[in-house]
Every structure is written in C-alpha cells, then in structure tokens.
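Chain by chain, the residues:
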Amino acid sequence: MLLLLRKSVPLRFFSRRPLNPFFLPPPSRPRRLPLLPRAAMGSVAGDAARLAYPTARRDDSVVDDYHGVQIPDPYRWLEDPDSEETKEFVAKQAELAETVLAGCLDRENLRREVTRLFDHPRHGAPFRRGNKYFHFHNSGLQAQSVLYMQDHLDGEAEVLLDPNTLSKDGTIALSTYSISEDGKYIAYGLSESGSDWVSIHVMSVADKQPMPDKLSWVKFSSISWTHDGKGFFYGRYPAPREGGELDAGTETNINLNHQIYYHVLGSDQSEDILCWKDPEHPKYTFGASVTEDGQYIILGTYDGCDPVNKLYYCKIASLPRGIEGFRESEEMLPFVKLIDNFDAQYQVVANDGDEFTFLTNKNAPRNKLVRVNIKNPELWTDVLPEHEKDVLESADAVNNNQLLVCYMSDVKHILQIRDISTGNLIHQLPLEIGSVSEISCRREDKEVFIGFTSFLSPGIIYRCNLAPTIPEMKMFREISVPGFDRTSFQVKQVFVSSKDGAKIPMFIMSKKDINLDGSHPTLLYGYGGFNISITPSFSVGRVVLCKNMGFVVCVANIRGGGEYGEDWHKAGALAMKQNCFDDFAACAEFLISGGYTSSRRLCIEGGSNGGLLVAASINQRPDLFGCALAHVGVMDMLRFHKFTIGHAWTTDYGCSDKEEEFQWLIKYSPLHNVRRPWEQSSGDHSQYPATMLLTADHDDRVVPLHSLKLLATLQHVLCTSTEDSLQTNPIIGRIDRKSGHGAGRPTQKMIDEAADRYSFMAKMLGAQWTE
C-alpha cells in the first residue's frame, strides 16, 4: 500500500519507505550495567543436549486437501491465541528460552554496551505548518520520541506531544499524525502494545488541550486535513468483534471491508461521513489525501501489496454543499475515475490546477514522471523518462517550479534538483554514500531539510537553500554517538553471483584491515520481498557486534526487493520466490569462500518476510549456517491469507487456494519442509543450526501462530520424536509480551531483545567479548 501523496511529513527516521502493510525494518536500539566477565566459547552440543523440550500435543486428525494433496496440520490448535492450551505452550517455551539465555553470559555485556552507545540525543528533520516549526526529538533512552514545536528554527522548543506520558512502560506509541494547514490542530494516531490498530485523537496546538474527538478501529491509514481545517479523511475497518472485551492486536480475524471516512472536528465518530467503500471487493484497501493546493481529494485503491493502484479524484469546489452535505446522504463522494485498473502505480507529485504530475511505473519498472491534464485524460506526456539503470525513488515539488528527485543507484541514494516543467537537471546535491531517510518540504519552500544515514553515519539533517542559482546545502544537525569512532570500521559493497548468474549486491561492514582467514563470526541479514529496498542505515547493535565481538556484519540485497525496480521485485516473487533463497545462499557461500567466515560461525537474520527467508534457508541448507534468528516470520505459506491482513500478501506469494500457486508454496513453506538432515540420501550427518524464532503476542500483522506452529514442528521433528536425534543445537522461541510486529516498540524492549538474540548468537558461534 503506497502513500498517495509525497507531502506527508515523516514520523520517524526511516519513514520514506512505502506505507506497506508488511514491512519490518531491521532491528536496532537500547541502561547502563557493570561489565561482566567474558563468556567462554560455548559447547553448543553439550549445552543443547541437556535441553528438555516441552511436549506439544499433535492432532493427527487435522488434514487438509489441497487440490488432491493431503497436508496434515497437527498444530492447528495453536492458531487460537485465547485457548488455555496455547497459553500453556507459550509459557513453557518462554521458560525454555530463558533457561538457554541465562547461560549466555555476554547478554549483560551486550545490554550495557548497546545501551551506552544508544544513549545520545536524536533529532528528526523540522517541518512547518502555519507559523510554527515542528520536529521529533529523543534525548537518548526515552521509550518514544517526543514532538516539539517552536516559533522559528533558532527559537526555544516546547513539547507539543509526548507519548511517554501515556503509559508507564512506553508501549503506547505515536503511529501517525497530521497538523492542519493553519497549524491550529494536530490529529494523531496512537497504537498500544505494537498493534496495527490505531485510535485517532485531536489536540489544539495553541493551548495543547485535547479535543473530545476519538476515532477507533483505524488501520493502515493516513490522516489528511481539508484546508479549511474543518476535518480530515482517514481509513478504518469495522470493529473486529461485536460486544465483549477485546485485547486489540491479539485477534486473528481477517481484515475486510476497509472504508474511507471524513471526520468533522468536534463531532462523534458515529456522525462521520462515509466517503468510499467497495463491498464487492472486500479485500481492497483505500487511501484518501488532499492535494497540496487544497483543491482535490485523491482516492487510491489497492489490491494487495504490489506497487499498483487505481486513482480517482474529486474536486472539492464541485460539491454544492461541501463534504458535509453528504452526511445525511446514502451517496458517496462523486469521485471521477482517472485510473481504473491495476496495471501500474500512480503517486501524485504535484498539480497546477487540473494538470497533474505523477510518479509511475507504467511501462517503466524503474519509475518515471508523467503529466496529464485530468480534463483530457487521453494525453499523457513523459516529464522525466525512466533512467537506464537507476530507480527513481521519489520526487517532491519544491521552490515553486522545481523538483527534488531521489534516485537509487546500486542501493545508494542520489539527490537532484530538476525543473518541474521539463524534468531537466539543474543541480546534483552533494551526498556521501548512504541513504536519504527523510525529506521535509512543501512546494512553496525555498528551504528544505534532508535526513541522511549510512552504516557509519548515525544521522545528519541537512538544510538546503534553493534560492541561489547553486543550492546551498549545509549541515543543520548531526547525530553524535559517544564512543563511536567511524575511522575504526570499513564498509564495502560486493556483487555476488547467484545460482543463475544474477549479480546480488551485498554490503560488508567490519573492523578495518581484518584478516580473511575464515575465522570471523559473521551476521548476514536479508529481506527480499514486497518491492522493499534495504538501504544503508546505522545500527548501534551492528557497531557493538563489530567493535566488541569481532563480527563481520553483512546486508544482502537479494531479489524480491526494490533495489533495481519492479523487474528485481518480480524476479523474487510468486513462481520466482526460490530466487530469494538461492541469492541468500550464494551470499553466504561467498562469505565462506572469501575467507570472512565458516559455516559454523555464520548466523543469518531477517524479519517479517525476512523471517520467512531465514526459516526457508535453514530448511534448504541447514549445513550452511551455524545460527539463525527469524523475527515475526510468515511460516505457514498455505494459510497465511486467512489471518488479519495476510490476504494482501498473495500479490507477492500467491495463494494455496489456486492449484498452480499451491505448487509454488508447498515447495518452500517453512512449516511444511522441516526434515531431519541426517536422514537425507546424501548421508551428510548435519543438523539444523541453533535457531531462535522471535514473535510477539500483539503482532496482528504476521500473527504469532506462524512462529508457534513452526517452533512446535521443529522441536518435534528434530528433537523429541526420535531417540537417535543428532539435533543438539538448540531450537527456541522468544515470545515478547505487549509487543507487535516491530513498529512503536519502546526503547527498553528493543534493548532487551537485542541483548537476548545477539547473546544467543554469540554463544552459538563461539564469539568472544573484548573491550
């Protein structure tokens, strides 16, 4: 699901990623503890052999027929999160995991050092509404970042909204927000315990007084004010359960019948005006935004997560009684259909009256800019043609008649100023190798703010003055991490040949001048799906691993992502999904053959779709890795579409309801491909790597049942069902409470998780702590 307009102000540091009901960014973050003695190299087999895995009931009567193929599902009962049996399973797995983690002595060393490095102030890029500037700031270890406002950039900043005051444990997070055009009101969405469910509230900016407005059951929604300040558009679902108490975020109900409403300030939600619904297509999701000139409402329709959408518009001035005139009507807003199929994506960049500029991938898998007069929709012209190699990531109208354009070239960002009418290049902005994490601007602005990060740069906010002939780009704020010396590290990019010869980019970060003798503990991270690009970013956890434990940390930009446009994405989706696993294995083999590490000292990590990547990889190549960390992964590829928003992912995976697509899925579904390596015909007496599956009780994106069912299956097949098992590496689950898919997690929870997963990894790989 893509943002319709590029004018929304980023909420957090990596919010220029698409608004996609799937993506989980790489983990990071972090209390000061005394140094503990270095953990000795663990005897993995000896430690794990003493593990007493809890017995999970197998119900062999549950068998599904998929197009004539009988597929058992003995742990179907784990799909009910409210059953006492499921709760008992979770409790026993948590106890087992703590038993293992208690023996990881570097757990507290990691917690201490990650906390120390993370305890530094961070600022987001400022943005303007009305006559005030706003920005986010975190003093260091605050659970959530705080929204500040000030009269001018050099003025004193005061707190407008502090989410840390809303809960004692920091588990209420600010998930979305929008400030009215005149700067008088802020509408903001809060989520609890990491759930995707959001409640929208409103506050008066001048006196910081809350308004009575409260909107419930909002999900996958932006907030867009009309310029008169009377109200805003938002998207919601029907309440998932009528009557009774509901711990929102723990339910697994499928999300259907998304609708767009307009809320009039000061009214009850029951009086909100229904603007759009499509009951004939209950799986569609919608987004409504007001153009920057305030004249048009843009409606986007999405069917899944592919970068394609329908696009309708409604001119506000054409409504005789305004939007409120539809309150008592059964009619929806009279949207005009501009794009009424799903053949490409269309994002509004700017409009001059009826003339619109769009970013699109129509006949341009690396994206281009096009222009059309919506009164003459047959005539489209290219403004900025598709680049021969680089991906056009975004375009923002600035300085009245210019564009700030961001390209991705071999997974590194490039910024340019171009003419809005012709697309001609005016100036290329100086930018070191890394990622643009934020752009804060509006069309009228002669001054823009740009957030930048890289593996070795914690963050820089640039202030760019576009008024001169040659733009002036100066550092506005730089994030400084005490104790981090970037000159001690090196980062390089390599291109790995995959199984079919495709060249896969991979970043490798380590201490400088390491010997390539195969001895280094190594962490390999991947994602590979949903057109998401994993660009360079700073991580305190990575720095600590490299600095204190001698790790090499790698990020593989495998197919399925968006690093080279839609062709790269499709080469790792649907029938081509196996390319993702082949690419990841090729990167692992490169690190071994290149002398960075050995299979025994190599850990793989991924979250969400990347959790699927890790789980499928250990099924297919258990011999290749020493450890695996799979966060909130999609593990049951035959039933994922039946829970919450899972149906949206069929655009990337396919669906088991269709016979051809079932044949794709059954080949790699993690839950259905667990095998005892020592029984395979090769005679290779290997075992699965030490494995940690991470999930959370309020993950209503990839619901916990995926990890729970796989955990039960791995432990049964590999550890408890046979007396002659060679599986001595531990298989454990870390199941967090009051957490979700990853967004909005408070700092302390991120600290605890980093300490747990990386101390487990360090012990399993025999990594040693040094100061």
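Residues numbered from 1 in each chain as written. Predicted model: local features only at pLDDT ≥ 70, side-chain atom pairs only at ≥ 80, totals over all residues. Heavy atoms only, no water.

Participant: Explain the overall build of the chain here, please?
Facilitator: Per the secondary structure count, the chain includes eleven helices and 39 strands. Expected size for 771 residues packed as a compact globule is a radius of gyration near 28 Å; at 26 Å, the chain falls within 12% of this value. In terms of overall dimensions, the chain has a C-alpha envelope of 80 × 60 × 50 Å along the principal axes. When each of the 771 residues of the chain is scored for burial, the buried share is 64%. Split by element, the accessible area of the chain, about 28,500 Å² in all, is 49% carbon and sulfur. Mean positive and mean negative side-chain charge positions of the chain (81 and 99 charges, respectively) differ by 4 Å. (Helix = DSSP H or I, 4+ residues; strand = E, 2+ residues; numbered from the N terminus. Rg over C-alpha atoms; globule rule 2.2 N^0.38 Å. Buried < 20%, exposed > 50% of the residue type's maximum accessible area, 1.4 Å probe, protein only. Areas by Shrake-Rupley, 256 points an atom, 1.4 Å probe, with all protein chains shown as cover. Lys, Arg positive; Asp, Glu negative; His and termini not counted. Charge placed at Lys NZ, Arg CZ, Asp CG, Glu CD.)

Participant: What is the right way to read the sheet that holds strand β22 (residues 368-373) from this model?
Facilitator: By way of backbone hydrogen bonds, the strands of a sheet pair with one another, either parallel or antiparallel. On the basis of which strands lie adjacent, the open sheet formed by four strands has the order β20-β21-β22-β23 and antiparallel pairing. Single-partner strands in this sheet number two, and they are β20 (346-352) and β23 (380-384). Each strand axis lies, on average, 30 degrees off the axis of its neighbour in the sheet, ignoring direction. Where strand β21 (residues 355-360) lies against β22, six bridges are found, and the strand directions are antiparallel. The partner of Phe356 across the bridge, within β22, is Val372. (Pairing = 2+ DSSP bridges. Axes fitted to C-alpha atoms, helices over the stretch in contact; angles between N-to-C directions.)

Participant: Sorry if this is basic, but what is going on with unusual backbone geometry here?
Facilitator: With the exception of glycine, most residues fall at negative phi, and the peptide bonds are largely trans. For Ser193, which is not glycine, the phi dihedral falls at a positive 60 degrees. Along the chain, the position of Ser193 falls in the loop between β9 (185-192) and β10 (198-204). For Ser193, a relative accessible area of 8% corresponds to the buried category. Positive phi outside glycine occurs at Asp513, with the angle close to 60 degrees. According to the relative accessible area criterion, Asp513 is exposed, its value standing at 68%.

Participant: Got a minute to help me understand the packing of helix α6 (residues 578-593) against helix α7 (residues 609-620) in this structure?
Facilitator: In a packed pair of helices, the relevant descriptors are the angle between the two axes and the axis-to-axis distance. Interaxial distance between α6 and α7 falls to 10 Å at its minimum, and their mutual angle equals 75 degrees. When the axis of α6 is compared with that of α7, the two are roughly perpendicular. Across the interface between the two elements, Gln578, Cys580, Phe581 and Phe584 of α6 pack against Leu612, Leu613, Ala616, Ser617 and Gln620 of α7. For the contact of α6 with α7, the residue count by class is six nonpolar, three polar and no charged. (Parallel < 35°, antiparallel > 145°, perpendicular 65-115°, else oblique. Contact = heavy atoms within 4.5 Å. Nonpolar A, V, L, I, M, F, W, Y, C, P; charged D, E, K, R; others polar.)

Participant: How do you make sense of the side chain of His413 when you look at a structure like this?
Facilitator: Relative to the helices and strands, His413 resides in strand β26 (residues 412-419). Residue classification places His413 among the buried residues on the basis of a relative accessible area of 7%. At 2.8 Å, the side chain of His413 forms a polar contact with the side chain of Glu393. Those residues in contact with His413, other than ones at most four positions away along the chain, are Glu393, Cys406, Tyr407, Met408, Leu431, Gly434, Ser435, Val436 and Thr535. (Polar contact = N/O pair within 3.5 Å; in protein donor to acceptor, adjacent residues only side chain to side chain.)

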